[in-house]
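Residues per chain are reported as follows:
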Amino acid sequence: MLIACGDALIDFVPTRNAEGREAVMPAVGGSCLNVAIGIARLGAPTGFVGGISTDMFGQMIAGHATASNVELGLATRSDHQTTLAFVRIVAGESHYAFYDAETATGNWTYRRGMVPFETVMAVHVGSTTLVNDKGAAETKALIADARATSTISFDPNCRPNLVKDKPAYLVRMAEFAASADLIKMSDVDFNYLFGDEPHQQRASVLLGQGTSLVVITRGNNGAMAWHTKAGQIEVAAPKVEVVDTIGAGDSFQAALLFALYKQGRLAREKLRDIGADELRRALSFAANCAGLTCTRPGADPPWSREATWSW
């Protein structure tokens, strides 16, 4: 099984009503839940670890995840309210306003033994859960138990409007990166974390500390990857009619993990030995899945019947 640990929430995505006025539409989201949904829809056994409310929105989240074949037996249900995120699209980028006080995600607690890591090939973490002290501490405890048997995937998926102490946040993100086998981030995230540092220079640092694969997605400019053995690889973004980019990065991450799983390259030692051609195919598949997500509103990753792959 593959699992994603972190945020599950409701995005209120921009739309228009019948009179043409601005309106919002609720859609299930949360970066880590989106990754779990994306992997499960493509056909790999997938679970979600994190807090999901029992309120009306939590029921929406659980129903959506279950319909996408995500196993929720490892999730924690509580009567804390659901995190809400209101989205605006500015210059093609999604900007968020979060309502996250005393929520089910924020109150999730990791308990040793709750996850059978001997059956888990990979664990994905990241996003808003890591901004607050409690979420970061609980996730670190989970990773400490998972690392012995599971590949660790990390996407910071930064939300600057939630960060109160940027220097402390940068230290925290560096700590999570140091524990990861696979790191993916957008170029926007990279700029927030590392400023004007060249991508290749930072990738070399991350590879040098033990990470096997570093990927930077660049929107219409495709993605760049650096690997300890396969070297530097670039793939193009598909040409699509973009509705919005919500969840595109999560779909990329989900499809990349799925492709590595299908190639038999997701386990830590296998990932270290992946060849350039295999990695290029996996990255191209991920880019195409992200492109499909951009053609419809909200975080709506593709199903296996929609995604093409040249095994």
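Residues numbered from 1 in each chain as written. Predicted model: local features only at pLDDT ≥ 70, side-chain atom pairs only at ≥ 80, totals over all residues. Heavy atoms only, no water.

1. As for the side chain of serine 153
- Tracing the backbone through its elements, the reader meets serine 153 in strand β11 (residues 151–155).
- The residues contacting serine 153, other than those within four sequence positions of it, are Val123, His124, Val125, Leu182, Gln253 and Leu257. (Helix = DSSP H or I, 4+ residues; strand = E, 2+ residues; numbered from the N terminus. Contact = heavy atoms within 4.5 Å.)

2. Overview of the nonpolar core
- The biggest cluster of nonpolar side chains holds 39 residues, and the ones touching the most others in it are Val115, Phe117, Val123, Leu142 and Phe154.
- Ignoring sequence-local partners within four residues, the contact set of valine 123 consists of Ile3, Phe117, Leu142, Ala146, Ser150, Thr151, Ile152 and Ser153.
- If you look at the next biggest cluster of nonpolar residues, it comprises 37 residues, including Leu213, Ala254, Leu256 and Ile274. (Core = buried A, V, L, I, M, F, W, Y, C linked by side-chain atoms within 4.5 Å. Buried < 20%, exposed > 50% of the residue type's maximum accessible area, 1.4 Å probe, protein only.)

3. Description of the sheet that holds strand β9 (residues 93–99)
- Strands sit in the order β3-β2-β8-β9 across an open sheet of 4 strands; the sheet is mixed. Of all strands in the sheet, those with a lone pairing partner are β3 (22–29) and β9, marking the two edges. Ignoring which end each strand starts from, the neighbouring axes of this sheet average 30° apart.
- Where strand β2 (residues 9–16) lies against strand β8 (residues 83–90), 4 bridges are found, and the strand directions are parallel. Residue pairing in the sheet places leucine 9 in a bridge with threonine 83 of β8.
- Sheet strands touched by helix α2 (residues 56–67): β2, β3 and β8. Its angle to β2, the strand with the most contacts, is close to 90°. (Pairing = 2+ DSSP bridges. Axes fitted to C-alpha atoms, helices over the stretch in contact; angles between N-to-C directions.)

4. A word on the packing of aromatic side chains
- This structure, assessed with the given rule, holds 10 aromatic pairs.
- Ring geometry for phenylalanine 12 versus phenylalanine 57: centroids 5.9 Å apart, planes at 85°, classification edge-to-face. A residue pair is termed long-range when its members are at least 10 positions apart, and phenylalanine 12 in strand β2 and phenylalanine 57 in helix α2 qualify at 45 residues.
- Note on phenylalanine 57: relative accessible area 18%, which makes it buried.
- Ring geometry for tryptophan 108 and tyrosine 110: centres 6.5 Å apart, planes at 45°, overall tilted.
- Just above the ring of tyrosine 192 sits the side chain of lysine 166; from NZ or CZ to the centre is 4.1 Å. (Phe/Tyr/Trp six-rings, centres within 6.5 Å; stacked < 30°, edge-to-face > 60°. Lys NZ or Arg CZ within 6 Å of the ring centre and 35° of its normal.)

5. Examining the pairing of strand β13 (residues 213–217)
- Where burial is concerned, most of β13 is hidden: 5 out of the 5 residues are buried.
- Side chains of β13 alternate between two faces, with Leu213, Val215 and Thr217 and Val214 and Ile216 buried alike.
- Relative to β13, strand β12 (residues 182–186) runs parallel, the two being bridged by 5 bridges. Counterpart to methionine 185 in the pairing with β13 is isoleucine 216.
- Across 5 bridges, the pairing between β13 and strand β14 (residues 223–227) is antiparallel. Bridged to isoleucine 216 within β14 is methionine 224.
- Joining the antiparallel neighbours β13 and β14 is a turn of 5 residues, in which glycine 219 adopts a positive phi near 60°.

6. Concerning unusual backbone geometry
- The backbone of asparagine 69 shows a phi angle near 75°, a positive value even though the residue is not glycine.
- Within the secondary structure, asparagine 69 sits in the loop between α2 and β6 (70–71).
- Not every positive phi belongs to a glycine, and serine 127 is a case in point at roughly 70°.
- Take serine 127: it is sitting in the loop between β10 (122–126) and α3 (133–146).
- Taking relative accessible area as the criterion, serine 127 reaches 2% and is therefore assigned buried.

Structural measurements only, silent on function.
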